[in-house]
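Per-entry structural report
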Amino acid sequence: MTLSVAIIGSGPAGFYTADAIVKKFADVQVDVIDRLPTPFGLLRAGVAPDHQGSKKIGRVFERTAQRDNVHFIGNVEIGRDVSLAELREIYDAVVIATGAPKDRGLTVEGADKKNVIGSSRFVGWYNSHPDFASLDVDVDVESVVIIGVGNVALDCARILALTPEELAASDIAPHAEARINAAHIKDIHVVGRRGPVEATFTHKEVSELGELARTVPLVARHKIPDNADACPPEERKGKEANLALLRGYADNTRDMKPIGLSLHFYVQPVEILGGERVEAVRFERTRVEPDGRCVGIGEFVEIPAGLVITCIGYQSIPLEGAPYDERRGLFRNDDGRIEPGLYCTGWAMRGPTGTIATSAPDAEAVARHIAEDVPNPGKPGAKALIGLLEERDAKLVSYEDWQKIDAAERAAARERPSPRRKFVRIGDMLNVVSKS
Ligand code: NAP
């Protein structure tokens, strides 16, 4: 009998899992379901628009999506069009691969002021995610504060720092490009509550800061430790390389380029200041304890800010019928197994850490669990789901439909060095499908 598997979410975690499952089982049908009409999740709407090289892994996912026993079913939302309980009735196994799309909130006073924005919304806005196309973010400010020193923080800082020429080669959302090009930003402050060794940004992202046409990276030399001995030996080489880059940036001066991108360390946000709208952020200086925790030392500094972007991590969105760990912001699971027949993978399983490829081993684990848990497959899978969705008048988008959307986006960028001009509205995507 054919094993039927539904994967909820068509991002990297979903497609790695589809690939692991079709390789493990000889007789299997995998349906990859997404609430958007477009596949590839974070690869499309998370990876920075100027990082086209990181999107190359998409070719592997495209090959998986085009296998006879893998179907993409787009524009279907679990909880709206079909419930998780219904999916579990229809499929032998259901895998949650919905990532961690929600911002971890900053819980300081004033965090609800206008123009204080979480990175999931800001990144979604510049990456044409339909949920954030109409976000009203004002980037025409003199000073921006970015809270957090991970790779998302550096992505947000860099996108604001790029010139019109640099942006033209990206696939940034047209509405974001227009606003960034018209803005008069002078200073971008990226602020970490711990030090350069504890920072989670990686070498490539730190080195890119030194290659920006109109922006100079700045850092105070006395904030850079002499060595990375404080971190585990396996991380030391990468951290030492980061410190070397930062030492180079410490020689820079503010007058070298029109925009200064200052990296601040050992300060934690305590209050967002201003009236209805943000005007500054108040920080407390910190020290890092031997166990890695940071503690405030009672000295305070203020940094002016017309825009604040919090890049402090993400959490998964709960799904009715799946046990959820509120504290950790992910689904309760044991190595990807929620219970026999229900699994999770990628960020929904272990939280928002690692690179895209980190989800590959998670996928292998889920395929192994399914092999152990489902000795007698035979549930109807796609046929029953599609019947149910058609009864409910859902407008399904197949992989062939997505290819038409893809072709239209590529054609729209023909006049530019950019690879594509993404649609930002679901209605426009569905029009392309219905017209052809
Ligand atoms: P992250 O690496 O976990 O960074 C989160 C940052 O927020 C850390 O600096 C953290 O500081 C800080 N933070 C958390 N809570 C805070 C608070 N209450 N106040 C102040 N600071 C706070 O997460 P991310 O940047 O969102 O990235 C998520 C994952 O995606 C990472 O694995 C990242 O490498 C990956 N990613 C990769 C790329 C790329 O490869 N180019 C691009 C984007 C994202 P502490 O360390 O002190 O907690």
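Refer to the structure printed above.
These remarks concern the structure in this document. (Residues numbered from 1 in each chain as written. Predicted model: local features only at pLDDT ≥ 70, side-chain atom pairs only at ≥ 80, totals over all residues. Heavy atoms only, no water.)

1. What to know about the site of the ligand
Near the ligand, the surroundings consist of 20 residues, among which Arg193, Arg194, Thr200, Glu205 and Gly354 are the closest. Here valine 152 contributes a backbone N or O atom positioned 3.1 Å from an oxygen atom of the ligand. Starting from 920 Å² of accessible surface for the ligand in isolation, the protein chains cover 78%. Looking at the shell around the ligand element by element, the count peaks at three residues for helix H6 (residues 151-161). Of the residues belonging to the shell around the ligand, the class tally is nine nonpolar, seven polar and four charged. (Near = heavy atom within 4 Å. Polar contact = N/O pair within 3.5 Å; in protein donor to acceptor, adjacent residues only side chain to side chain. Areas by Shrake-Rupley, 256 points an atom, 1.4 Å probe, with all protein chains shown as cover. Helix = DSSP H or I, 4+ residues; strand = E, 2+ residues; numbered from the N terminus. Nonpolar A, V, L, I, M, F, W, Y, C, P; charged D, E, K, R; others polar.)

2. Some remarks on the pairing of strand E4 (residues 93-96)
Regular strands show a simple pattern: their side chains alternate between the two faces of the sheet. Here E4 shows a buried face lined by Ala93 and Val95 and a second buried face lined by Val94 and Ile96. Pairing geometry for strand E1 (residues 3-8) and E4, over four bridges, is parallel. Note that in E4 the partner of isoleucine 7 across the bridge is valine 95. In the sheet, E4 pairs with strand E19 (residues 342-344) via three bridges, with the strands oriented parallel. Considered in E19, the bridge of valine 95 is made with tyrosine 343. (Buried < 20%, exposed > 50% of the residue type's maximum accessible area, 1.4 Å probe, protein only. Pairing = 2+ DSSP bridges.)

3. Observations concerning unusual backbone geometry
Positive phi, close to 90°, is recorded for phenylalanine 40, a residue that is not glycine. Within the secondary structure, phenylalanine 40 sits in the loop between strand E2 (28-33) and helix H2 (41-45). Its identity as a non-glycine residue notwithstanding, aspartate 393 has a phi of 65°, on the positive side. Relative to the assigned elements, aspartate 393 resides in the loop between helix H13 (382-391) and helix H14 (399-412). We classify aspartate 393 as exposed; its relative accessible area is 63%.

4. A short note on the sheet that holds strand E11 (residues 267-274)
If you walk across this open sheet you meet the three strands as E11-E12-E13, and the pairing is antiparallel. For this open sheet the edge positions go to E11 and strand E13 (294-304), each flanked by a neighbour on one side alone. If you compare each strand with its neighbour and ignore which way they point, the axes differ by 25° on average. Strand direction decides the pairing type here: strand E12 (residues 278-288) and E13, joined by eight bridges, are antiparallel. (Axes fitted to C-alpha atoms, helices over the stretch in contact; angles between N-to-C directions.)

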